[in-house]
Amino acid sequence: MSAGIGLYAFSTEERDIHTPAHDFFPDLLRAAQNTDGGWGYRPGLPSTTEPTAWSLLALQALEASPGKILDSAADWLRQAQMTGGAWPNASGKEPGCWVSALACLALLSLKGPSQDAIVRGTNWLNETWPAEGNFLWRLRQQQQAHTVVHQDHGLRGWGWTPNTASWVEPTAYALILLQNIPTRHRPSHAVKRIQMAEKMLYDRACPGGGWNAGNPLVYGVPGVPRISPTVWALLALRHHQDHAVNVEGVEWLRQRYQSLRSPASLALAHLCLKVYGRAENLLETRLGDFYGNNQFLQSIPAMAWASMALGGVPCWIESSSQSIEAI
Amino acid sequence: MSYSNTRLVPPFNRSPSAVAIRSVSNYAADVEGILWEMLQELRPPVRDKSVLLKPNFVEPDTEGMINTHPVVIRAAREAFLRLGAKSVVVAEGPGHERDTEGILEELRLRDYLGPLEQSFIDLNTDEVAQVGTRTRASRLKSLFLPKAVLAADFVVSMPKMKTHHWVGVTLALKNMFGIVPGSCYGWPKNVLHWAGISKSILDINSTVRPDFAIVDGIVGMEGNGPIQGTPKASGVLVAGDDPVSVDATCARLMGLVPERIDYLQRAALLLGNMPEEKIEQLGESIASTRKPFEMLPAFQQIRA
């Protein structure tokens, strides 16, 4: 086993201009790390997988992050992994698909003895299918008198949790992970799952651009797109930037950008637009204003996304990234 | 304390419930004064208790028909404090939208409640504890629930009066889906859908029974609810200490037959009163405030 799969080369191109905001949010994150190495959803809450993964992804990209912060976070993630390879959601007991993808991605971003954990996590994700779309499910659907949602249920991605339906965000996270896993470490059938997940995301796009949680048409009425699913779908489909659905989604996001009122949406939208070469300005000022409003509701993921948005484009979502071999 | 503290009482052994209805023409009216009068009549026992208000926040909404209006939330907070509550917090875990702060800011909740980091708890990301469900209608045998809810002395469900494309209507009982945290179940909380929405509603409400309900029916939603319908100016506030009675009353105000709504039927077995003769109507009458809602074709059979 090597010292790690080695996704080391996070971009530093845009970090030459340091302002207080560039340090402020990472400092908040560092200060909020629990003594066990992980992070809770808010400072002082027990460590759980998702905020730990986001914090690690955000801080890893900063040269100023002491190694012991990153090492202890990686240790926490490795120890939190469940026997079957998944990571638990905030319950600490039940597996979550989205948190498993994020934990793998976070460990993948670090040097260290995480290869086994990443491979087991990726294999678990690859073998975890959503509950819809199988034969019995389709039979039941046909027997129902009316159809509420209109989408191709044969296209399956990932649910938030096992044994539930495919949704946009967990599918996007898993897709980004599989795209970044070196070919030699990809589980069998990973290519098939990548292709199907991409088709699923395109199938779930809202008419007119963007994505919502995953129901683009309900009783024939077009769904209203939302920032977070749109961002993650666009990032997962970043290799197809000229695709009409991508173009529509980016345009919808760009139009919404100036009217956003919250740090999480603003940071994510900024990150996505940057990947698509459409970055908007005034991010720091607006994040500062938002912090003054509600202190981000103390949300650790929001602080992590703000840190990422203020830095360079992480290599795991660079438009050119295919897998570790291509970096 | 709301969790597991209320006996499950069969219908034949229950005393009547009281439900108050008051007309409120719009959100610029004296909502605070009207709600205070309603609560003075109903006298919820909140002295020295920690009160948790659970509104219905789903998605940003420019037309004011999806989410509980901040005017009603502020009015409830002030009224419970006047009644002697030790503390009042607002807490919600939106089901579709991960950016809770985005919803709150679109709603301008801060303008009504002040800085939200002190007055609001995001139930999607609160610390959780595993609790066994008190009923086993669904396959869920236990739930991971936010400690903020489990620790509250008095939980108030504050839904919007809306139709729902899966279960007919969403009111005080369905609103309790929002206490189930996204950090465990995702956005949406799809586990509950797969376990059966009606059955999950019963299991959640038997486990954390709301002590009180205040329904914002000033502007509700009809048709393809709970997010894609059209505004319905019902012009009412409805409140009571029995969420089943409150929901049954709201259904009647919406021109529906509560006995034909699956989850209400289930809830009436163990959680509260549904028959009109078991509900003491305070304030205005159902007949004088009823405004039938448009329903999707799939739910025509629940209309009166």
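Since this is a predicted model, take the numbers as computed values, not measurements. (Residues numbered from 1 in each chain as written. Chains lettered and ligands numbered in written order. Predicted model: local features only at pLDDT ≥ 70, side-chain atom pairs only at ≥ 80, totals over all residues.)

A look at the overall build of chain B
What chain B contains, in helices and strands, is 12 helices and 13 strands. Taken against the 2.2 N^0.38 rule, which gives 19 Å for 304 residues, the C-alpha radius of gyration of chain B at 17 Å falls within 12% of a compact globule. Taken along the three principal axes of its C-alpha coordinates, chain B extends 45 × 45 × 35 Å. By the burial criterion, 60% of the 304 residues in chain B qualify as buried. Partitioning the intrachain contacts of chain B with sequence separation of at least 6 by distance along the chain shows that 77% fall at a separation of at least 24. (Helix = DSSP H or I, 4+ residues; strand = E, 2+ residues; numbered from the N terminus. Rg over C-alpha atoms; globule rule 2.2 N^0.38 Å. Buried ≥ 20, exposed ≤ 12 C-beta atoms within 10 Å, placed from the backbone. Contact = placed C-beta atoms within 7 Å.)

A word on the overall build of chain A
Each helix and strand counted, chain A has 13 helices and 4 strands in total. Expressed as a percentage of the 327 residues in chain A, the buried residues total 52%. Excluding contacts between residues fewer than 6 apart, the proportion of contacts in chain A whose partners are at least 24 apart in sequence is 70%.

With respect to the interface of chain B and chain A
The interface of chain B with chain A comprises 34 residues on the first partner and 38 residues on the second. Within the residue set of the side of chain B that touches chain A, elements represented by two or more residues are α3 (100-107), α5 (116-119), β5 (128-132), α7 (182-185) and α8 (190-194) of chain B. Broken down by class, the residue content of the side of chain B that touches chain A amounts to 13 nonpolar, 11 polar and 10 charged. (Nonpolar A, V, L, I, M, F, W, Y, C, P; charged D, E, K, R; others polar.)

Here's the deal with the confidence of the model for chain B
Taken over all residues, the pLDDT of chain B has a mean of 95, while the share at 70 or more is 98%. Taken over the whole predicted complex, pTM reads 0.93, whereas the ipTM for its chain interfaces reads 0.94. (pLDDT = per-residue confidence, 0-100.)

Considering helix α10 (residues 243-253) of chain B
Residue and element names in this part refer to chain B. Taken across its 11 residues, α10 has 11 buried, putting it largely inside the fold. Looking only at α10, the buried set comprises Pro243, Val244, Ser245, Val246, Asp247, Ala248, Thr249, Cys250, Ala251, Arg252 and Leu253. Phi for Gly255, located one or two positions after α10, is positive at around 80°.

What about the pairing of strand β8 (residues 160-164) of chain B?
Residue and element names in this part refer to chain B. Counting buried positions along β8 yields 5 of 5 residues, so the element is predominantly enclosed. Side chains Lys160, Lys162 and His164 project from β8 onto one buried face, and the interleaved Met161 and Thr163 project onto a second face that is buried too. Where β8 lies against strand β10 (residues 212-222), 2 bridges are found, and the strand directions are parallel. Pairing of Lys160 across the sheet is with Asp216, part of β10. (Pairing = 2+ DSSP bridges.)

A short note on the environment of Lys111 of chain A
Along the chain, the position of Lys111 of chain A falls in the loop between α4 (97-108) and α5 (115-127). For Lys111 of chain A and Asp71 of chain A, which are 40 residues apart along the polypeptide, the C-alpha to C-alpha distance reads 9.1 Å.

Overview of the nonpolar core
By size, the foremost hydrophobic cluster in this structure holds 195 residues, and its most contacted members are Leu105 of chain A together with Ala76, Val156 and Leu237 of chain B. With 11 residues, α4 of chain A is the single largest residue contributor to this core. The contacts of Leu237 of chain B, once residues within four sequence positions are left out, are Arg22, Val24, Ile34, Leu35, Met38, Ile214, Val215, Asp216, Gly217 and Ile218 of chain B. (Core = buried A, V, L, I, M, F, W, Y, C linked by C-beta atoms within 7 Å.)

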